[in-house]
Amino acid sequence: MNDQCGLKRRHVLHSLMASGVVGVAGGWTNLVRAANAITLPFENGLRELTTDFPQKGEMVLLRSRPPLLETPFSVFDQGVFTPNDRFFVRWHLASIPTRVDARTFRLTVHGSVARELDLGLDDIRKGFEHVEFAAVNQCAGNSRGFFKPRVAGGEWGNGAMGNALWTGVRLRDILDRAGVKAGAVQVRYRGLDKGVIAATPDFIKALGVDHARDGEVMVAFAMNGQPLPLLNGFPLRLVVPGWYSTYWVKMLNDIEVIDTPDQNFWMAKAYQIPDTPHANVSPEQTGVKTIAINRMVPRSFFTNVSDGSVIDVGATQTVRGIAFGGDTGVSKVLFSSNGGASWSTASVGRDFGKFSFRRWEARFMPRNAGQHVLKVKAINDKGEAQPDEPNWNPGGYMRNLVESVTVVAA
Ligand SMILES: Nc1nc2c(c(=O)[nH]1)N[C@H]1C(S)=C(S)[C@@H](COP(=O)(O)O)O[C@H]1N2
Ligand SMILES: [Mo]
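Residues numbered from 1 in each chain as written. Chains lettered and ligands numbered in written order. Predicted model: local features only at pLDDT ≥ 70, side-chain atom pairs only at ≥ 80, totals over all residues. Heavy atoms only, no water.

Under an unreviewed UniProt entry, the name given to the chain is Molybdopterin-dependent oxidoreductase, and the source organism is Paraburkholderia franconis. Quoted verbatim from the Cofactor (unreviewed entry) field of the UniProt record, the comment on the chain reads "Mo-molybdopterin". (UniProt positions renumbered as here; feature names shortened; annotations may be inferred.)

Here it is as structure tokens:
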């Protein structure tokens, strides 16, 4: 249908030369290395592709310590589930165990409970009913690199997300075994990772008791039928379907039931959003009340065309992609081949559950040569649609505007 790869390669080499990466002094080895890169479509978007991380195939490198690895967007065209070896990686603290011994690993449950629990992996796998569902894990800052004006943080493209089939046990069942005491307000979680210096606050996240006990929040030990990759939280992680992945605590080894709301850095200071519609403020606004980030909002993407893709004029084109509803299912996906002047309903693929990616597909025929602006918009089961204008907030969170790509018919 088009020569996307060729186009991309030329684009990459061009931007590498423009940015001076391919220097004469660098010689041939550097050239090869530098050519193994892509350019994300925003300022300072040049990124190395890396295969240097354990259990990971080719990933977009944002930072190596702690690792921030983005999924190359072409992976999302290959299927509705994101393979474990291409699943994005994000850690906040630089001291991450490089191996975890499954035989000695323990998960403790303590705090405001009738009985403290100290569980090994076998206790969890054999002691509780298993549950399994598909769910999108998306960083709150996915797509932050597109924010204008720029904000501080990991400058992700759109690949800080993935969809997997998660297997584990209900957090509720574990909490019920411990016996949550009356008066408990939150349940908080921490993992095995630490800061390099003692003063760095541990990565601790908390959910309200009712949310923790809703029967959907999962302590997962498998992802797409395999043990979790180390960098995605081996041996256990929290899965909070429909909520941003900042709550999906990895290498989970400590669950604590608490009587007052958690005031730790990662809850009270970081991952705060303006308490405004769509977490949207103008860059000049100050003194806005903030709240902890929470549920996800609907999104949809093209996966087989991108800006500059060349398509055949006068021939029917099939465009496709993925959509998700946020914290509920996808009700409808709308497609426009004329920059949003008119919309048609795209066909959607198999439903893997309300928290999963869903494939969509649409056809159109470009009658005229030249540029065509394609748009896609998801509407979720609550009737919530992606906005036509981007939101903005200082954290670079919750971007979900309608995606546009400009293709060239020739
Ligand atoms: N223990 C631990 N869990 C964590 C984090 C972390 O820094 N430490 N980061 C969170 C954030 S912000 C994201 S986006 C997801 C990323 O999950 P992934 O690396 O499996 O894709 O992990 C979450 N869980
Ligand atoms: Mo994140």
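> Just checking my understanding: could you explain the nonpolar core for this structure?
Soluble globular proteins: nonpolar side chains tend toward being buried together. The biggest cluster of nonpolar side chains holds 86 residues, and the ones touching the most others in it are W166 and Y189. The element that contributes the greatest number of residues to this core is strand β12 (residues 218–223), accounting for six residues. Looking at which domains feed residues into this core, each of domain 1 (1–270) and domain 2 (299–409) gives three or more. By size, the runner-up hydrophobic cluster in this structure holds 18 residues, among which are A323, V330, L374 and A409. (Core = buried A, V, L, I, M, F, W, Y, C linked by side-chain atoms within 4.5 Å. Buried < 20%, exposed > 50% of the residue type's maximum accessible area, 1.4 Å probe, protein only. Helix = DSSP H or I, 4+ residues; strand = E, 2+ residues; numbered from the N terminus. Domains from an automatic or database assignment.)

> Would you explain the site of ligand 1 in this entry?
With respect to spatial proximity, 19 residues lie near ligand 1, and among them F88, D193, N232, R237 and K250 are the closest. Residue D193 places a side-chain N or O atom 2.7 Å away from a nitrogen atom belonging to ligand 1. For ligand 1, an oxygen atom lies 2.7 Å from a polar atom in the side chain of R237. A total of 530 Å² of accessible area belongs to ligand 1 in isolation, and the protein chains cover 100% of it. By residue class, the composition of the shell around ligand 1 is 10 nonpolar, five polar and four charged. (Near = heavy atom within 4 Å. Polar contact = N/O pair within 3.5 Å; in protein donor to acceptor, adjacent residues only side chain to side chain. Areas by Shrake-Rupley, 256 points an atom, 1.4 Å probe, with all protein chains shown as cover. Nonpolar A, V, L, I, M, F, W, Y, C, P; charged D, E, K, R; others polar.)

> Could you clarify how one ought to interpret the UniProt feature "domain: Oxidoreductase molybdopterin-binding" (unreviewed entry) in the chain in this entry?
Under the UniProt annotation, the feature "domain: Oxidoreductase molybdopterin-binding" (unreviewed entry) is placed at residues 95–266. Here residues 95–266 runs as 12% helix and 33% strand, with 17 Å between its end C-alpha atoms.

> How should the pattern of salt bridges be read in this particular structure?
Once the charged atoms of two side chains with opposite charge are near each other, the side chains can pair. All told, the structure shown has 22 salt bridges when counted by the stated rule. Of the charged contacts, one joins D327 and R295 as a salt bridge, the two residues approaching to 2.8 Å between their closest N and O atoms. Of the two residues, D327 sits in the loop between β20 (317–324) and β21 (330–336) while R295 sits in the loop between β17 (290–292) and β18 (299–302), which places them 32 residues apart along the sequence. A salt bridge links D388 to K377; the nearest nitrogen and oxygen atoms lie 3.6 Å apart. (Salt bridge = Lys/Arg side-chain N within 4 Å of Asp/Glu carboxyl O.)

> I would appreciate a short explanation of the packing of aromatic side chains in the present structure.
Here a ring pair, both rings aromatic, is described through the centre-centre distance and the interplanar angle of the planes. Under the defined criterion, the tally for this structure stands at 19 aromatic pairs. For the ring pair W243 and Y247, a centre distance of 5.2 Å and an interplane angle of 70° mean the geometry is edge-to-face. For the ring pair Y271 and Y397, a centre distance of 5.4 Å and an interplane angle of 20° mean the geometry is stacked. Within this pair, whereas Y271 is found in the loop between α6 (265–268) and β16 (272–274), its partner Y397 is found in the loop between β25 (370–380) and β26 (403–409), the two being separated by 126 residues in sequence. (Phe/Tyr/Trp six-rings, centres within 6.5 Å; stacked < 30°, edge-to-face > 60°.)

> In this structure, what is going on with the domain arrangement of the chain? I would like to understand it.
Buried accessible area, meaning the area lost when the parts come together, often serves as the stated size of an interface. Splitting the chain by domain gives domain 1 (1–270) and domain 2 (299–409). Domain 1 and domain 2 are separated by 25 Å when their C-alpha centres are compared. Opposite the 36 residues of domain 1 that make contact, domain 2 presents 36 residues. Across the domain 1 to domain 2 interface the summed buried area is about 3000 Å²; carbon plus sulfur atoms make up 59%. Our count for the contact surface shared by domain 1 and domain 2 stands at two salt bridges. In this structure, the salt-bridge partner of E216 is K354, at a minimum N-O distance of 3.6 Å. Here domain 1 is connected to domain 2 by 12 residue pairs in polar contact (both at pLDDT 80 or more). Of all the secondary structure elements, the ones that give two or more residues to the side of domain 1 that touches domain 2 are α1 (4–18), β8 (130–138) and β9 (161–170). (Contact = heavy atoms within 4.5 Å. Buried area = accessible area lost by both parts, 1.4 Å probe.)

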